[in-house]
Amino acid sequence: MSQYNDSSYYSGGGGGGGYIAGGSPFSQGGSPGGRVRTDISHSLRPVKICQLNKATQAHVDAEFRLDDVELGNVSVVAQAVSIQPQATNCVYHLDDGTGRFEARHWVDQESETNVLNWGGLRESMYVRVTGALKGFHGKRYLNTVHVRPITDKHEIFFHEMEAITATLTVERGPPGGTGPKATASGSKDVTMTDASAYSAPSTSVAQDQYAHLPKLQQAIVRFMMEQPPSPEGTHVFAIARAVGDGNDAQKISAALDQLMDEGLVYTTSDDNHFTLAN
Amino acid sequence: MSALEREISPRVNAEMLPKWIGKTVRLTCKLLNFDSESERSFRVEASDGGQVVIQAINTGEPFRPDDIYLEVIGKVIDATTISMLGCIGMGNELDMKLVNDTVILIHDPRFFGKMFSY
């Protein structure tokens, strides 16, 4: 029975139901505490233990978020300060220089593998741990799916760089500025963010070719660049309204003539419509 | 989160030691030689080429690591001395330029407060 039966948000036809139009956060969970799983939950992000300690959680059943992005699986490279095999799991206490964290690896009870010797793991050695961030009674831990020793020590420093890269990618989009924008839901994917930080270079390159122009002509060109693409171009009245500001019609007309003489703009359907040459 | 869980021991090079006196740090370094008198301290070269004296833990036995490259975790005594709390072998081949570039990036103000400290 839906908790929204008597809600003021109920809409739609009469009768039963009671789900909020457009769906409810709880409609997929099965239980009121269930949360919607997104594609992010299958992602893998290299992080530092400090970031795990700083991750936020809206409530105890909510997903963990880092840099305002949902955290899926994480990968940590750290020193295994202690390894404590227990009946059903093995507990690793990790330290990577930015804090301490607990990782739990649940062991198959029927397996004959000696957990302490699995993969040659020893206390004080550097290991790579992959898993998901979990919380239990206010304490966080890594629900570990894989642990392996670090054999090439360069991997420790590679991980530092990779964690920095991942954080920058979340903030600014992938390098090159060609990443897709944020998803329609408004939440940011780990690899897709607003690429506006990388749109500036292309704009500034275009403006550079107009940098030699007088102020009025630059203002006209800048206004035309901001208009949505159209086969007819921009009407002279719109240009005059935008750059008018003390410039009379004659000055604007003269500026447009000069831009045409330089080959930077041209007329389209009639003498009142202009578009940029490139 | 307990205070222990928030204790940091950031990677540093020799040039950064004066700023971390009294604090615990991690120094990735190359073993140069042992102090012939005390046998409890040894000299290392940090990733930026600076030399540092490491005071080993007093266990009654002389400290003799197996590897040439080490990561020394310890408390900074002064600009050229660290009192060792622990040591991890880093093998016999390590790109110290990579190490130094990483250390410098870690302490970049854009990243240090956000990812490497509280």
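Residues numbered from 1 in each chain as written. Chains lettered and ligands numbered in written order. Predicted model: local features only at pLDDT ≥ 70, side-chain atom pairs only at ≥ 80, totals over all residues. Heavy atoms only, no water.

Under an unreviewed UniProt entry, chain B has the name Replication factor A protein 3 and belongs to Ephemerocybe angulata. Comment text from UniProt for chain B, heading Subcellular location (unreviewed entry), reads "Nucleus". Its UniProt record gives chain B a comment under Sequence similarities (unreviewed entry), which states: "Belongs to the replication factor A protein 3 family." (UniProt positions renumbered as here; feature names shortened; annotations may be inferred.)

Per an unreviewed UniProt entry, chain A carries the name Replication protein A C-terminal domain-containing protein and comes from Ephemerocybe angulata. Entered under Sequence similarities (unreviewed entry) in the UniProt record, the comment concerning chain A runs "Belongs to the replication factor A protein 2 family." Looking at chain A in UniProt, the text filed under Subcellular location (unreviewed entry) is "Nucleus".

Residue and element names in this part refer to chain A. Spatially, the three strands line up as an open sheet ordered β10-β12-β11, and their pairing is antiparallel. A strand with exactly one partner marks an edge of an open sheet, and here the two such strands are β10 (234–235) and β11 (265–267). Bridging between β10 and strand β12 (residues 273–276) involves two bridges; their strand directions are antiparallel. Among the inter-strand pairings, Thr 234 is bridged to a residue of β12, identified as Phe 274. (Pairing = 2+ DSSP bridges. Helix = DSSP H or I, 4+ residues; strand = E, 2+ residues; numbered from the N terminus.)

In the contact formed by helix α2 (residues 154–172) of chain A and helix α2 (residues 109–116) of chain B, the axes pass within 12 Å of each other and the chain directions differ by 100°. Classified by the angle between their axes, α2(A) and α2(B) sit roughly perpendicular to one another. Residues Glu160(A), Ala163(A), Ile164(A), Thr167(A), Leu168(A) and Glu171(A) of α2(A) form the contact with α2(B), whose participating residues are Phe111(B), Lys114(B), Met115(B) and Phe116(B). Its residues placed into classes, the contact of α2(A) with α2(B) shows six nonpolar, one polar and three charged. (Axes fitted to C-alpha atoms, helices over the stretch in contact; angles between N-to-C directions. Parallel < 35°, antiparallel > 145°, perpendicular 65-115°, else oblique. Contact = heavy atoms within 4.5 Å. Nonpolar A, V, L, I, M, F, W, Y, C, P; charged D, E, K, R; others polar.)

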